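Chain by chain, the residues run as shown.
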Amino acid sequence: MRLTHSIILLLCCFMPLFGLDMKLNYGKEDKETFAVLNLRNEHPFSCESKLKINGDVEKILCRIVGIPQSGFNPTKSPMLSFSYTMEAKKEDDEKRAMIIEITPAKGVKMQLFSVFSDLKTENPIPVTRQTDSKSYQIVAYYKKLPFLRPDENLEKRDSINFPVSIPKTATPTISELDINRKPLDYIAGKDLDAFLEIRELMNARKYPEALEKIAKALKMYPNSLFAKDMVYYTIIALSHSKSKESQSYLAEAAIPWIKAYASDDKIPEVMYLLSKTLLAQNKMKEAYYYLNRTIEEYPKTRYAALSKMQIANTLKSPSDIKRAPLIYREAYQEAQDLEAAGEIAVSWAKFSLRDEDTEYANELLHKVYSVFPAFFLIDKDATMELLDELEEVEQYTMAAPIAAYLSGNVPYNSELHAKLLNKSSEFYTKIGDFDMAHKLHLDFLHYHPNDKLAQKVKERDDSLLFQVTGDYKTKLERYDYVLANYPNTESAKKALELKAKLYLENKKYEEILQMQSLLPKDSEVVQAAIDNQVAIFLKENNCDGVAGVLSRANKVKLSTSESLQAFECLYNQTAFKKAHDLFSGLYKHIQDGGEQLRWLYLESNTLFALGQNKEAIKAGRDVMDLAFAMGQTQYYDISFKMFHAFYNDEATRHEAINLSKKMDKWFPTDRRMLEVHFTLLNEAEHKKDPLATSTEARIIMALQDKIKEYDYSPYVNFIYVNTLMNENNYTEALKQLDRIKDFKMTTDDRQQRFYKIATINYTLKYMDNSKKALDACVELGTTSAWGTLCNNALSLHDDGFE
């Protein structure tokens, strides 16, 4: 009892794994061979048939979520073959899945049946079945599916085409089997019930409970027929404990068992377990005896290869160190199953670590992890020891995925789960896989928010927030996550900068400009976004866009031609100050004369717009000189602004008059010259210079006739008429007054015209014509100034004055 109690304490945390049972049987019906493969698992799983074009089954795939208790070697039989692969964990599954593939041999057909009802009834297996089942039968045959009853109407029958019925009264049953799978023909005795219960506990890997039951059963039934089997189970159960007491008990039980049952099928296994115990007890000579016996007497068993591995494990002296890899390699090549191969490879890897051959150690571990990852679930304690060894020598490449895989296969509410998540995330951090590390950090905080390591994990994750790889969307989500969860922190500030850089890498310049106010004023990313977006808008001739971007810019880096184009855009958008701020120093970088002239032209216009006439005139003089020298007449129009600037300053007004003469030659039909000469007309009137007044009026009228625009008529025409009247040139004056009627006139203008016509005719003694004009004027009204003059002038036509 003390033994079983101590073993229970040591193994109370052991978790049972799933059990997968596969049996392949053959039979004949009407001299035709068929095969039946039975699959049974502790938990429901799915199987489906993949069909060929002709409707025959090409293969059958079964998917078992979770790792079964033991795998199997790929098997090929005369009628079918089956193998398995490990599927990557899916989002909806908590664990990885095993995919079993069954394929028929050439000329063989297959059918899949779900078996979840009682076969010991007359009822056929129903067609309708659940999606998943714990049991499946796969029937392989050549021509005809066996056990069909031709007398039944298959189309109406509510059953599948394999209605194996087993009448209770007629069907022979197979009795219970012993440990060597031989039928037990035993009639009486409660020891049978005890043995069956012990066997169930062993199959479920409930070793402490099994040891207690065995101790009680052997005490109550010392002469039981099942004593051999129960002692075997004792050896197996004790082998799963590492306590010295358990090792002693195992040796005490195994040695006599080996002697008593020397021909038993389980001898290789028992000798191997005994040798492992003797090695743990440092009894090397005795251990080597059983190891060598296993190798020599049972060379084709899995335990022969494992025994060679144990021998290699003991070689630690400098003289033996070169022999070990040779023995490991031999053992690995002779392994009879995946589990044994995995154990040998891992032992070999541990040896390589001690021998400082870390590269080969990682290669071996990677091979096991890739081919048979479930190996690391068989003995979780051994896997934890392996992880500790890898961590000690700072070999995290394989420690990380193994720890992460193991974490997905232990209870989520366990301390071990928290420990593995913490370790695996730390390992992934050290190898630079920050995405995986972050995922594991989140898993830890989700499942263990109150764990003592939670704060440490959170801090470690915070440090990894920005070390993320992946596509644009993944990175953007990470930065937005940081901004949402860590506002007003240095982390948020960094996230903004990285987000801006991410936008820049993906040429999303407008998005950067939208967050410009959140970024440093001297941000290189913002500046790059400004430069690139302005260049894009310039190519699109989108001056509104250019002005919008540059309105928030302190500088811009463009080519000279782009800068001049942007300068002109801002000027045309009346953004004069921004244009001057950004491009007033551009001349320092210009080498080409044509571009220099264009910049001077834009700069002069901008300065005029800003009211900085002194600087503008200076630049304007350079524009005219350079444009004249280069023959670039398109820049002569700076003279219009120069004219007004000259005219508005009494000291330079004479320059305005001289410039206007050149402008008449440069712009003979330019409507802007109307304003120039109108200014000079006003100047002539102001100085009471009739000749200049007459000249300017004629120039304006002539230019209006050329361009067919009469904005200054009839005003200018009346001034010209006045000069003609002053010169007593009445005939020409009347012609001009006649011309005036073609222009758009106000009532005031019409009355003025009539009054002048009347005045000239009166002077020429054409009284009737004079009175006629005055009558027409008065008819328009007498309240205006010209109407009053007309009304008063009529008195001159009274009889007494004519």
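Reading the values: the criteria
- Positions within a chain are numbered from 1, following the residues in the order the chain's sequence is written.
- Reporting in this predicted model follows two pLDDT cut-offs: at least 70 for local features of residues, and 80 or more for side-chain atom pairs to be given and counted; totals over whole chains, interfaces and linings ignore these cut-offs and use all residues.
- Based on all heavy atoms of the structure, the side-chain values leave hydrogens and waters out of the count.
- The secondary structure listing takes helices from DSSP runs of H or I that are at least 4 residues long and strands from runs of E that are at least 2 residues long, numbered from the N terminus.
- Exposure classes here rest on a 1.4 Å probe applied to the protein chains alone. A residue is buried below 20% of its type maximum, exposed above 50%, and partly exposed in between.
- Throughout, a contact is declared for two residues whenever any of their heavy atoms are within 4.5 Å.
- All accessible areas in this document rest on Shrake-Rupley with a 1.4 Å probe, and a residue is counted as covered only by the protein chains that are shown.
- The criterion for strand pairing is that DSSP finds at least two bridges linking the strands in question.
- Working definition: a disulfide is two cysteine sulfur atoms within 2.5 Å of each other.
- Salt bridges, as used here, are contacts in which a Lys or Arg side-chain nitrogen is within 4 Å of a carboxyl oxygen on Asp or Glu.
- Given a helix with a known number of residues, its expected span is that number minus one, times 1.5 Å.
- Axis angles are defined between N-to-C directions and span 0 to 180 degrees, where every axis is a line fitted to C-alpha atoms and, for a helix, only to the segment in contact.
- An angle below 35 degrees is read as roughly parallel, one above 145 as roughly antiparallel, one from 65 to 115 as roughly perpendicular, and any other as oblique.
- Helix crossings are classified by the rotation of the near helix relative to the far one: an anticlockwise turn of less than a right angle makes the crossing left-handed, while a clockwise turn makes it right-handed.
- The residue classification treats Ala, Val, Leu, Ile, Met, Phe, Trp, Tyr, Cys and Pro as nonpolar and Asp, Glu, Lys and Arg as charged. All others, Gly included, are polar.
- We define a polar contact as two N or O atoms separated by no more than 3.5 Å, with the added condition that, inside protein, one atom must be a possible hydrogen donor and the other a possible acceptor, whereas residues neighbouring each other in sequence contribute only through side-chain atom pairs.
- A pair of Phe, Tyr and Trp rings is counted when the ring centres sit within 6.5 Å of each other, with Trp represented by its six-membered ring. The angle between the planes then sorts it: under 30 degrees is stacked, over 60 is edge-to-face, the rest tilted.
- Only lysine NZ and arginine CZ atoms are considered, and such an atom sits over a ring when it is within 6 Å of the ring centre and within 35 degrees of the ring normal.
- The convention is simple: Lys and Arg are positive, Asp and Glu are negative, and His and the chain ends are not counted.
- The pLDDT value tells you how sure the predictor is about a given residue, anywhere from 0 up to 100.

### Points about the overall build of the protein
Right, so step 1: For the protein, the count of helices and strands is 35 helices and eight strands.
Right, so step 2: The buried share of the protein, reckoned over its 802 residues, is 45%.
Right, so step 3: Put simply, 55% of the contacts in the protein that link residues at least 6 apart link residues at least 24 apart.
Right, so step 4: With an accessible surface of roughly 43500 Å², the protein has 50% of that area assigned to carbon and sulfur atoms.

### With respect to the pairing of strand β3 (residues 57-65)
Right, so step 1: Summarising the sheet, strand β2 (residues 32-51) and β3 pair through six bridges and their orientation is antiparallel. Pairing of Ser49 across the sheet is with Ile60, part of β3.
Right, so step 2: Between β2 and β3, which follow one another and run antiparallel, lie five residues, and Gly55 among them has a positive phi close to 95°.
Right, so step 3: Direction of pairing for β3 relative to strand β6 (residues 97-104): antiparallel, over a ladder of six bridges. Bridge pairing in β6 links Leu61 to Glu101.

### Comments concerning the state of the cysteines
Right, so step 1: Per the counting criterion, the structure on display carries three disulfides.
Right, so step 2: There is a disulfide in this structure between Cys543 and Cys569, and the S-S distance comes to 1.9 Å. Handedness here is read from the sign of the S-S torsion; for Cys543 and Cys569, about -70°, the answer is left-handed. Of the two residues, Cys543 sits in helix α22 (residues 543-550) while Cys569 sits in helix α23 (residues 560-572), which places them 26 residues apart along the sequence.
Right, so step 3: Sequence-ordered numbering of the bonded cysteines in the protein gives a pairing of 1-2, 3-4, 5-6.

### Here's the deal with the pairing of strand β1 (residues 20-29)
Right, so step 1: As paired elements, β1 and β2 share 10 bridges and run antiparallel to each other. Directly across from Tyr26, in β2, lies its bridge partner Ala35.

### Let's talk about the pattern of salt bridges
Any two side chains of opposite charge can pair, so long as their charged atoms come close to each other.
Right, so step 1: In the structure shown here, the tally under the stated rule is 28 salt bridges.
Right, so step 2: Ionic pairing is found between Asp637 and Arg672, a salt bridge with its closest N-O pair at 3.5 Å. Taken together, the residues span a long stretch of sequence, with Asp637 in the loop between α26 (613-630) and α27 (638-647) and Arg672 in helix α29 (residues 672-686) at a distance of 35 residues.
Right, so step 3: For Asp637, a relative accessible area of 18% corresponds to the buried category.
Right, so step 4: Arg672 gets classed as partly exposed once you look at its relative accessible area, which sits at 35%.
Right, so step 5: Salt bridges sharing partners connect three or more residues here, namely Glu650, Arg653, Glu683 and Lys687.

### Points about α29
Right, so step 1: Look at α29: 22 Å from first C-alpha to last across 15 residues, which is about the 21 Å you get at 1.5 Å a residue.
Right, so step 2: Buried within α29 are the following residues: Met673, Leu674, Val676, His677, Phe678, Thr679, Leu680, Leu681, Glu683 and Ala684.
Right, so step 3: Looking at the residues trailing α29, positive phi occurs at Lys688, about 55°.

### Let's talk about the packing of helix α3 (residues 207-220) against helix α4 (residues 227-238)
Right, so step 1: The interhelical angle for the contact between α3 and α4, taken along N-to-C directions, is 150°, at an axis separation of 10 Å. Taken together, the axis directions place α3 and α4 in an arrangement best described as roughly antiparallel. Two packed elements cross with a definite hand, and for α3 against α4 that hand is left-handed. The residues of α4 that touch α3, namely those facing Tyr207, Leu211, Ile214, Ala217 and Leu218, are Ala227, Met230, Val231, Tyr233, Thr234, Ile236, Ala237 and Leu238.
Right, so step 2: Among the residues forming the contact of α3 with α4, the class breakdown is 12 nonpolar, one polar and no charged.

### Side note on unusual backbone geometry
Right, so step 1: A cis amide bond links Ser713 with the next residue in sequence, Pro714, at an omega value of 5°.
Right, so step 2: Within the secondary structure, Pro714 is located in the loop between α30 (690-707) and α31 (715-726).
Right, so step 3: Phi is positive for Glu394, close to 60°, though the residue is something other than glycine.
Right, so step 4: Structurally, Glu394 can be placed in the loop between α13 (380-392) and α14 (396-407).

### Some remarks on the environment of Leu326
Right, so step 1: Counting through the fold element by element, Leu326 comes out in helix α9 (residues 323-333).
Right, so step 2: Taking the C-alpha atoms as reference points, Leu326 and Ala312, separated by 14 residues in sequence, lie 8.6 Å from one another.

### A look at the side chain of Gln516
Right, so step 1: Its location among the elements puts Gln516 in the loop between α20 (509-514) and α21 (524-539).
Right, so step 2: We classify Gln516 as buried; its relative accessible area is 16%.
Right, so step 3: Within the structure, the side chain of Gln516 is placed 3.0 Å from the backbone oxygen of Arg552, a separation counted as a polar contact.
Right, so step 4: Not counting residues within four places of it along the chain, the set of residues in contact with Gln516 comprises Val526, Ile530 and Arg552.

### What about the packing of aromatic side chains?
Right, so step 1: Tallying each qualifying case throughout the model produces 28 aromatic pairs.
Right, so step 2: Judged by centre distance (5.6 Å) and plane angle (50°), the ring pair of Tyr328 and Phe351 falls under tilted. One end of the pair, Tyr328, is in helix α9; the other, Phe351, is in helix α10 (residues 338-354), with 23 residues separating them in the sequence.
Right, so step 3: What makes Phe351 buried here is its relative accessible area of 3%.
Right, so step 4: Geometrically, the ring pair formed by Phe567 and Phe583 is stacked, given 5.4 Å between the ring centres and 20° between the ring planes. Within this pair, whereas Phe567 is found in helix α23, its partner Phe583 is found in helix α24 (residues 576-583), the two being separated by 16 residues in sequence. Note on accessibility: Phe567 and Phe583 belong to one class, buried.
Right, so step 5: Among the aromatic residues, those joined into a cluster by ring pairs are Phe195, Phe226, Tyr232, Tyr233, Trp257 and Tyr261.
Right, so step 6: Looking at Lys228, its charged tip hangs above the ring of Tyr261, at a distance of 5.9 Å from the centre.

### Some thoughts on the side chain of Glu603
Right, so step 1: Locating Glu603 in the fold gives a position in helix α25 (residues 593-609).
Right, so step 2: For the buried Glu603, which has no salt bridge, the nearest side chain bearing the opposite charge is Lys618, at an N-O separation of 11 Å.
Right, so step 3: Once residues within four sequence positions are removed from consideration, Glu603 is found in contact with Phe567, His580 and Ser584.

### Brief notes about the packing of helix α15 (residues 415-430) against helix α17 (residues 454-464)
Right, so step 1: Their axes nearest at 11 Å, the elements α15 and α17 cross at an angle of 25°. The angle between the axes of α15 and α17 places the two elements in the roughly parallel class. The two elements α15 and α17 cross, and the hand of that crossing is left-handed. Across the interface between the two elements, Asn422, Ser425, Glu426 and Thr429 from α15 touch Val457, Arg460 and Leu464 from α17.
Right, so step 2: Residue classes in the contact of α15 with α17 are distributed as two nonpolar, three polar and two charged.

### Concerning the environment of Met110
Right, so step 1: For Met110, the position within the fold is in strand β7 (residues 109-114).
Right, so step 2: Residue Met110 is classed as buried on the basis of its relative accessible area, which comes to 2%.
Right, so step 3: Taking the C-alpha atoms as reference points, Met110 and Ala140, 30 residues apart in sequence, are found 4.5 Å from one another.
Right, so step 4: Every residue in contact with Met110, bar those within four places of it in the chain, is listed here: Val57, Lys59, Ile60, Leu80, Ile102, Thr103, Pro104, Ile138, Val139, Ala140 and Tyr141.

### Here's the deal with the confidence of the model for the protein
Right, so step 1: With 88% of its residues at a pLDDT of 70 or more, the protein shows a mean pLDDT of 86.
Right, so step 2: Model confidence for the protein, summarised as mean pLDDT per element, is weakest for helix α1 (residues 2-11) at 33 and strongest for α31 at 96.

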